[in-house]
Amino acid sequence: MMKRALLLVCLLPLLARAEPPARLAGRVTDDAGRPVVGALVTARHLELARETTVYANGDGRWAMPPLEPGRYHLRARRPGFRDRADVVELPGATALDRALVLERETDPRELAWQLPANRWLALAVAHLPDDAAREEFLRQCTFCHQQGSWATRVQRDPEQWRKLFVLMARMGGILSTRVRTALPEALNAAYDESSYVPALGEHFTPPPPPDAVAARAVITEWEVGGTGSMQHDITVHPDGRIYSADTTQDKLYRLDPRTGERRTFDIPRGDSPLGGVFTVMQPIPANADAHVAPHSLQVAPDGSIWITLCLGNKIARFDPRTERFDIFLQEDGLYPHTLRFDARGRAWYTLAVSNQVAMIDPRSGERRTYRLPARTWGETFAVRSVPWLLWLGRWVAFNPEGGGDAPQLPIPYGIDIASDGAVWFSQLNARRIGRLDPETGDIRLIDTPFAAPRRLRFDSQGNLWIPGFSSSVLARFDPRTSTFRTWDLPTEPRGTETPYALNVERRTDTVWICGTQSDTLIRFEPASERFTVYPLPTRVTYTREIEFGPGGAVWTSNSNLPAWQIEGAVPKVIRLEPEGAGREAATLAQN
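Below, the structure is looked at part by part. (Residues numbered from 1 in each chain as written. Predicted model: local features only at pLDDT ≥ 70, side-chain atom pairs only at ≥ 80, totals over all residues. Heavy atoms only, no water.)

Scanning the chain from N- to C-terminus turns up nine helices and 35 strands. Taking 25 Å as the expected radius of gyration for a compact globule of 591 residues, we find that the chain reaches 24 Å, a close match to that expectation. Based on the C-alpha atoms only, the size of the chain along its principal axes is roughly 70 × 70 × 50 Å. For the chain, the share of sequence-separated contacts (at least 6 apart) that also reach a separation of at least 24 residues comes to 56%. (Helix = DSSP H or I, 4+ residues; strand = E, 2+ residues; numbered from the N terminus. Rg over C-alpha atoms; globule rule 2.2 N^0.38 Å. Contact = heavy atoms within 4.5 Å.)

The structure is reproduced here in structure tokens:
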């Protein structure tokens, strides 16, 4: 009680100077006065580089949460209409009602360009020869960025395609000769105006508006980083601040959503060269400045932030109180990837390139590494040859595309901890999940009935939820019965979603899924088996990790690589409040 009283005394001068909030509401209609249901209305505070978005209801009405006084750019958007943009001055203690009239878009080319990337992706996959080629294309060509976004719909000649495939292979997107040969013709045909204008523009079908449940939501986006950033994962600290990792710039960002304050911390690079342990003779992409490449991050029980540094082959610990880093070298294994803490405070993480799972105990300093079984001798050889190839690649130039026809690396990817302490993981390329017993070291592998299991999570009942990245499904695995159940994701056309990750809000066991290809977040309620889709306001929103705030808010980030493809050309931290604004702040204030 004394601490709260002292805090209030310290805040009184600030509260006395703060202007009262403003109210902004209105109605969105077409030029005939009909409501534009589901229109996204966004108010951008210019000084704070923050955008607040609400949905227009069945009558076209919308209302912003209380806003700080200042100058705003107000935009209304709904596919099928031209965007409406106004400048609004909001003095304090003002209630402003603004009518927004949207004009219908009649140009079929412009209508097609309003649609999310997944609609364009459907045209591309239809030109590929079979399901195997389509699955490989989805898995290898969408793991860093959307496929079918405005920047990828480019006609290229054979030499331009060759250079692009080499670049993608250097970044890990390695295609078989069969798919690499078929793609230029398929993509050029799909993204030619003679193809997409009739398919998407002349037969224009907008994404459905959010339903009544979704329409209550408020979405807030804060710009973080720059055009050269790849804002990868985020984590929510118990103090309410958000941390995110910039993979291409070797930086850690911190956002305080209550004040809008952003801080940037340079992650120590040590002696890691450009490209880290993966430095070879091939040139590095021009916009990359990664020596250690922070990837996944989580809050430890003591409040510190632990980060995998995938290219540096290191683990970092950041102390928010001292703002200092400790760096730990990963001497056994390659490419620390996704990280989670168990109930004993130990950090477990996948080593994606070397097909291993590792553990570090912050209290004792104990380290362990477990090699996962490979499916074939070819997989074993591929995994064991990587260190040798990296060493040789410093002196001899390799063609990275040549690996597309060789046995693939299994790629341990997602990881989570069961209530009994067992460590579960996914193998992206191997179509498998597995269980590691941390006491005995025993490993059990389980084939999945769908392709590309990615970042998996447990619910409170012990069920394991898994996104099928290239198979566009949500899956549930019951460890007690060893049975799977899958649901097709609701994104239309079916099969065009690429869910990178999911998370389970364990108070309700609601599952939240990345609509990575469709600029959405997707909620699934297991009891009713009901999906709810939340359209996001920024085009080219490639989401990765999902976390939850103390008031039930859903947090994620816009993580497309490169960032300049994102609308506005800058990554964003995203908060979706399903029940409207205010619960997050109220919960933090009570704590």
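Continuing now.
The next subject is the pattern of salt bridges. Tallied over the full model, the rule gives 52 salt bridges. Residue Arg 44 pairs with Glu 51 through a salt bridge whose shortest N-O separation is 3.2 Å. Glu 51 sits in the buried class, given a relative accessible area of 9%. Linking Asp 302 and Arg 317 is a salt bridge whose minimum nitrogen-to-oxygen distance equals 3.1 Å. Taken together, the positions of Asp 302 in the loop between strand S13 (294-299) and strand S14 (305-309) and Arg 317 in strand S15 (residues 314-319) put the pair 15 residues apart, joining distant regions of the chain. Salt bridges linked by common partners bring Arg 44, Glu 51, Glu 221, Glu 223 and Lys 572 together as one network. (Salt bridge = Lys/Arg side-chain N within 4 Å of Asp/Glu carboxyl O. Buried < 20%, exposed > 50% of the residue type's maximum accessible area, 1.4 Å probe, protein only.)

Among the nonpolar cores identified, the biggest contains 41 residues, and Leu 409, Trp 512, Tyr 534, Ile 546, Val 554 and Leu 576 are the most heavily contacted of them. Those elements that place two or more of their residues in this core are helix H8 (377-392), strand S30 (510-515) and strand S35 (572-577). A per-element tally of this core places H8 first, with four residues. With residues up to four places along the chain from it excluded, the contact list for Leu 576 reads Ala 217, Val 218, Ile 219, Trp 512, Leu 521, Tyr 534, Leu 536, Ala 553 and Val 554. If you look at the next biggest cluster of nonpolar residues, it comprises 24 residues, including Leu 128, Phe 137, Tyr 196 and Leu 200. (Core = buried A, V, L, I, M, F, W, Y, C linked by side-chain atoms within 4.5 Å.)

Time to look at the packing of helix H3 (residues 117-126) against helix H4 (residues 131-141). Between H3 and H4, the shortest axis-to-axis distance is 10 Å and the interhelical angle comes to 140°. Taken together, the axis directions place H3 and H4 in an arrangement best described as oblique. Classified by chirality, the crossing of H4 by H3 is right-handed. Counted together, Leu 121, Ala 124 and Val 125 of H3 and Arg 134, Phe 137 and Leu 138 of H4 form the full contact between these two elements. Of the residues belonging to the contact of H3 with H4, the class tally is five nonpolar, no polar and one charged. (Axes fitted to C-alpha atoms, helices over the stretch in contact; angles between N-to-C directions. Parallel < 35°, antiparallel > 145°, perpendicular 65-115°, else oblique. Left-handed = near helix turned anticlockwise from the far one by under 90°. Nonpolar A, V, L, I, M, F, W, Y, C, P; charged D, E, K, R; others polar.)

As a further point, take the side chain of Glu 497. Tracing the backbone shows Glu 497 in the loop between strand S28 (483-488) and strand S29 (502-505). Within the local environment of Glu 497, its side chain forms a polar contact with the side chain of Thr 491, the two groups lying 2.7 Å apart. Discounting chain neighbours no more than four positions away, the residues touching Glu 497 are Phe 469, Ser 472, Leu 489, Thr 491, Gly 515, Thr 516, Gln 517, Ser 518, Thr 520 and Ile 522. (Polar contact = N/O pair within 3.5 Å; in protein donor to acceptor, adjacent residues only side chain to side chain.)

This brings us to the pairing of strand S5 (residues 70-77). Bridging between strand S2 (residues 40-45) and S5 involves six bridges; their strand directions are antiparallel. Opposite Leu 40, over in S5, you have Arg 77 as the bridge partner. Two elements, S5 and strand S6 (residues 84-90), share seven bridges in a ladder whose sense is antiparallel. Its bridge partner being in S6, His 73 is matched across the sheet by Val 87. Turn length for the S5-S6 hairpin, with the two strands adjacent in sequence and antiparallel, is six residues, and the turn residue Gly 80 shows positive phi of about 105°. (Pairing = 2+ DSSP bridges.)

The subject of this paragraph is the environment of Trp 564. Within the secondary structure, Trp 564 sits in the loop between strand S34 (554-557) and S35. Considering only alpha carbons, one finds Trp 564 and Glu 547, 17 residues apart in sequence, at a separation of 25 Å. Ignoring anything within four residues of it in the chain, the contact list for Trp 564 reads Trp 150, Ala 151, Thr 227 and Ala 569.

Pairing is antiparallel across the open sheet formed by four strands, whose spatial order is S9-S10-S11-S12. One side of each edge strand has no neighbouring strand; the edge strands of this open sheet are strand S9 (231-236) and strand S12 (261-266). For this sheet the average axis-to-axis angle between neighbouring strands, irrespective of direction, equals 20°. Here S9 pairs with strand S10 (residues 242-246) via four bridges, running antiparallel. Residue pairing across strands places Gln 231 opposite Asp 246, the latter belonging to S10.

Moving on to unusual backbone geometry. Residue Pro 493 is bonded to the preceding Glu 492 through a cis peptide linkage, with omega at -10°. Residue placement: Pro 493 occurs in the loop between S28 and S29. Cis peptide bonds are those with omega within 30 degrees of zero, and the linkage from Leu 561 to Pro 562 qualifies with 5°. With respect to the secondary-structure elements, Pro 562 resides in the loop between S34 and S35. Phi angles above zero are rare outside glycine, and Glu 323 is one such case at about 60°. Positive phi is not limited to glycine here, since Arg 431 has a value of about 55°. Among the structural elements, Arg 431 can be located in the loop between strand S22 (423-427) and strand S23 (432-436).

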